[in-house]
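# Residue-level structure breakdown
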Amino acid sequence: MEILSLKGEEFEKEVLSQKGKVLVDFYADWCGPCRMMTPIIEEVAEELKDELKVFKVNVDNNQELAIKYDVMSIPTIILFENGEVRKTYIGVTDKNELINGIK
Amino acid sequence: MIYDVIIIGAGPAGVSASLYTKRGNLSTLIIYSDESSLEKAKKIENYYGFENGINGKDLYNVGIKQAKNIGVDTKKEEVLNVLVGNEGFRVITDKDEYNTKAVIFSTGNKKNKPNIKGIDKFEGRGISYCAICDGFFYKDKNVVVIGNGKYAISETNDLINIARHITILTNGKQAPEFRAENVDINTEEIEEINGEKKVEEIILKNHKKIETDGIFIAQGVAGSTEFAKKLGIITKQDKIVVNKKMETNVKGIYACGDCTGGLFQVSKAVYEGTIAGLQVINYIREKYTKGE
Ligand SMILES: Cc1cc2nc3c(=O)[nH]c(=O)nc-3n(C[C@H](O)[C@H](O)[C@H](O)COP(=O)(O)OP(=O)(O)OC[C@H]3O[C@@H](n4cnc5c(N)ncnc54)[C@H](O)[C@@H]3O)c2cc1C
């Protein structure tokens, strides 16, 4: 499942104003480990498509968002619930760990 | 040239893997430099085939000779970095750089993470294990690199054109031979790392403070944990996660022996090396010979 990369102004609508859970993968194109995270995030999105929205944020183009959410290492995956940060995963994270953490 | 497989580590796991990959006609290079656990074992008495036991160091050296005898290339160099290349991977050592289609990690059981108060709390909040991945977040900022060896220098070099100023903190160890305009070296021991939400300062044992925006951990000789972070390999409690085929989550990268956790025994390292070697043969055959 292809994941949409959000631009700064879309973040408010797609993540912060959402009721329910949203998973956001902070990444950059030059980041090697981030490429390993992509297929895992895609699988999570597919498996939990009924209960969760999933987006990506490119930190190169959205530095304010990275700063706002204290992203200092990528990939960082943040789980939002009703617009609030609920969990943060730093570094490439196993699919099952993510799924168990989201449920 | 590009190797079919580079094996990092020449202990029982790495050497066993090489015996299979070489026999399977793969061009094979083993790179090793740091100590093997075996060298510390006075006498191994529970491994098959030695009626009076064998000294660990002797077993280690014989293993390396055995690999050389069947034509495995070996280099005694320190691996500083492993990166994804255009085709396969690039392995960077203190002396050279090598290209390979597949990598086997057999770097043993290492505990590089310094035991400093605050380190776990700030992981990902100013504490980083990968300069090339996280340097971006420290543009024009002040950072600290903890370490004193070649690996610490290599990480410093990856930050030198990004950060405003770098302090290499040796934490009580000898200062490395290294000079650069925006780099200081400090040999004081570290008491703790402080900050509110993220890293803000390091308190030294002499009660002095170093204000910093980020800390890069690069102590000792890099092991599988450090390389895993750079490549995006999943780890659990600092051990590489593998499946029954010794595959990591990164295609073309395998791990075996003590670096995958579980039983720290020669027999287990040999077994996992065997599997990794055989699996790499399949991987290379399927990926590179089909349809050619
Ligand atoms: C004191 C002691 C006693 C032991 N007694 C026994 C026993 O009686 N029986 C038993 O079965 N097991 C024993 N063990 C455990 C056994 O030694 C290990 O399980 C075994 O050596 C693991 O093999 P390995 O190939 O995974 O790693 P190691 O043998 O530790 O080899 C690691 C290799 O990686 C290389 N390396 C690491 N980092 C780098 C780098 N950055 N660049 C280049 N090269 C690198 C090193 O040079 C080395 O060649 C003992 C261990 C110790 C410490």
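Please refer to the structure placed before this passage.
A short tour of the structure in this document, coming up. (Residues numbered from 1 in each chain as written. Chains lettered and ligands numbered in written order. Predicted model: local features only at pLDDT ≥ 70, side-chain atom pairs only at ≥ 80, totals over all residues. Heavy atoms only, no water.)

## Let's talk about the environment of Asn148(B)
Residue and element names in this part refer to chain B.
- Mapped onto the fold, Asn148 is located in the loop between strand S8 (142-146) and helix H4 (150-159).
- Measuring from C-alpha to C-alpha, the distance between Asn148 and Tyr20 comes to 37 Å, with 128 residues separating the pair along the chain.
- Residues contacting Asn148, with those up to four places away along its chain left out, are Thr170, Lys173, Gln174 and Pro176.
- A distance of 2.9 Å separates a polar side-chain atom of Asn148 from the backbone oxygen of Gln174. (Helix = DSSP H or I, 4+ residues; strand = E, 2+ residues; numbered from the N terminus. Contact = heavy atoms within 4.5 Å. Polar contact = N/O pair within 3.5 Å; in protein donor to acceptor, adjacent residues only side chain to side chain.)

## Digging into the layout of surface pockets
- In this model, the largest pocket occupies a volume close to 1000 Å³.
- Forming the walls of the largest pocket are 45 residues, and the residues nearest its centre are Ile90(A), Glu123(B), Lys229(B), Thr235(B) and Asp238(B).
- If you list the elements that add at least two residues to the lining of the largest pocket, you get strand S5 (84-90) of chain A together with strand S7 (127-128), helix H3 (131-134), helix H5 (224-231) and strand S15 (235-236) of chain B.
- Top contributing element to the lining of the largest pocket by residue count: H5(B), with five residues.
- For the lining of the largest pocket, the two domains that each supply at least three residues are domain 1 (2-110 + 222-289) and domain 2 (119-217) of chain B.
- Of the volumes computed, that of the second largest pocket is approximately 740 Å³.
- Elements represented by at least two residues in the lining of the second largest pocket include exactly helix H1 (12-23), strand S2 (28-32) and helix H6 (266-289) of chain B.
- Class assignment of the residues belonging to the lining of the second largest pocket gives a composition of 19 nonpolar, 15 polar and eight charged. (1 Å grid on protein atoms, 1.4 Å probe; cavity = no way out; pocket = protein on both sides within 12 Å on 5 of 7 lines; lining within 4 Å. Points joined across faces, edges and corners; volume = space filled by probe spheres on them. Domains from an automatic or database assignment. Nonpolar A, V, L, I, M, F, W, Y, C, P; charged D, E, K, R; others polar.)

Everything listed here is a matter of coordinates, which is why it stays silent on function.
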